[in-house]
Amino acid sequence: MPSKTITIDTKGQGLYEFTRTAEEFVQADGNEDGLLTVFVRHTSCSLLIQENADPDVRRDLEEFFARVVPPSSDPAMRWVRHTDEGPDDMPAHIKAALTQVSIGIPVIAGRLALGTWQGLYLFEHRDRPHRRSVVLHLSA
């Protein structure tokens, strides 16, 4: 059962596509059918499968999450206690809790079974740049 840990460098909040990297990992393994499990090893970012054709989709998702969970400096977030790493700290944890840190993608005929316009993204919830570790694990 092959595994690989990749690093995704972020520049702050946003969606970072890594579909190609996951596809290359699957193709290098040579298994025709299986399940790719993708797991991010952090509590302030998450994973998404989302449209990768129109960049407005990414911008709208980012705007939606910014409105739903503003920084803890926003008056609506006065109740937040955990601000050790700044006003984006607890909001990042909340956004990660609302999304997912692990995704399973079927592998059929040696390829990810993603839809035509689907891509695999790391969703960074922190303002500062980070180096994120993502584990790819393929089981047959």
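The structure this text deals with has already been given above.
The structure reproduced in this document is the subject of the present report. No experiment lies behind these values; they were computed from the predicted model shown.

1. Digging into the overall build of the protein
Here's step 1: What the protein contains, in helices and strands, is three helices and eight strands.
Here's step 2: Along the protein, helices (α) and strands (β) appear in the sequence β-β-α-β-β-α-α-β-β-β-β when read from the amino end.
Here's step 3: Dimensions along the principal axes, computed over C-alpha positions, put the protein at roughly 50 × 30 × 20 Å.
Here's step 4: The 140 residues of the protein split such that 42% are buried.
Here's step 5: Here the analysis covers contacts within the protein between residues at least 6 apart in sequence; of these, 81% occur between residues at least 24 apart.
Here's step 6: For the protein, the accessible area works out to roughly 7700 Å², and carbon and sulfur atoms hold 50% of it.
Here's step 7: Separation between the mean location of the 15 positive side-chain charges and that of the 20 negative ones in the protein comes to 5 Å.

2. Describing helix α2 (residues 55–68)
Here's step 1: Across its 14 residues, α2 extends 20 Å between first and last C-alpha, which sits within 8% of the 20 Å expected from 1.5 Å per residue.
Here's step 2: Those residues of α2 not exposed but buried are V57, L61 and F65. Buried residues of α2 fall within an arc of 65 degrees about the axis and therefore sit on the same side. Away from the buried face of α2 by more than 90 degrees, exposed residues D60 and R67 are located.
Here's step 3: Tucked into the core, α2 has its buried residues touching β2 (14–17), β4 (45–51), α3 (89–98) and β7 (118–124).
Here's step 4: Between a side-chain oxygen at the N-terminus of α2 and the backbone nitrogen of D56 the separation is 2.9 Å; the capping residue is D54.

3. Quick word on the environment of F39
Here's step 1: Assignment of secondary structure puts F39 in strand β3 (residues 34–40).
Here's step 2: The partly exposed category is assigned to F39, whose relative accessible area is 37%.
Here's step 3: Distance from F39 to G86, taken between C-alpha atoms, is 25 Å for residues 47 residues apart in sequence.
Here's step 4: Non-local contacts of F39, meaning those with residues more than four positions away in its chain, are made with L47, V101, S102, S133, V134 and V135.

4. Observations regarding the sheet that holds strand β8 (residues 131–139)
Here's step 1: Spatially, five strands are ordered β1-β8-β3-β5-β6 in an open sheet, and the strand pairing comes out antiparallel. Bordering the open sheet on either side are β1 (3–9) and β6 (111–112), each of which pairs with just one other strand.
Here's step 2: Taken together, the two bridges between strand β5 (residues 102–108) and β6 define a ladder with antiparallel strand orientation. Among the inter-strand pairings, V107 is bridged to a residue of β6, identified as L112.

Cut-offs used in this document
- Residues numbered from 1 in each chain as written.
- Predicted model: local features only at pLDDT ≥ 70, side-chain atom pairs only at ≥ 80, totals over all residues.
- Heavy atoms only, no water.
- Helix = DSSP H or I, 4+ residues; strand = E, 2+ residues; numbered from the N terminus.
- Buried < 20%, exposed > 50% of the residue type's maximum accessible area, 1.4 Å probe, protein only.
- Contact = heavy atoms within 4.5 Å.
- Areas by Shrake-Rupley, 256 points an atom, 1.4 Å probe, with all protein chains shown as cover.
- Lys, Arg positive; Asp, Glu negative; His and termini not counted.
- Charge placed at Lys NZ, Arg CZ, Asp CG, Glu CD.
- Expected span 1.5 Å × (residues − 1).
- Arc of directions from axis to C-beta.
- Polar contact = N/O pair within 3.5 Å; in protein donor to acceptor, adjacent residues only side chain to side chain.
- Pairing = 2+ DSSP bridges.

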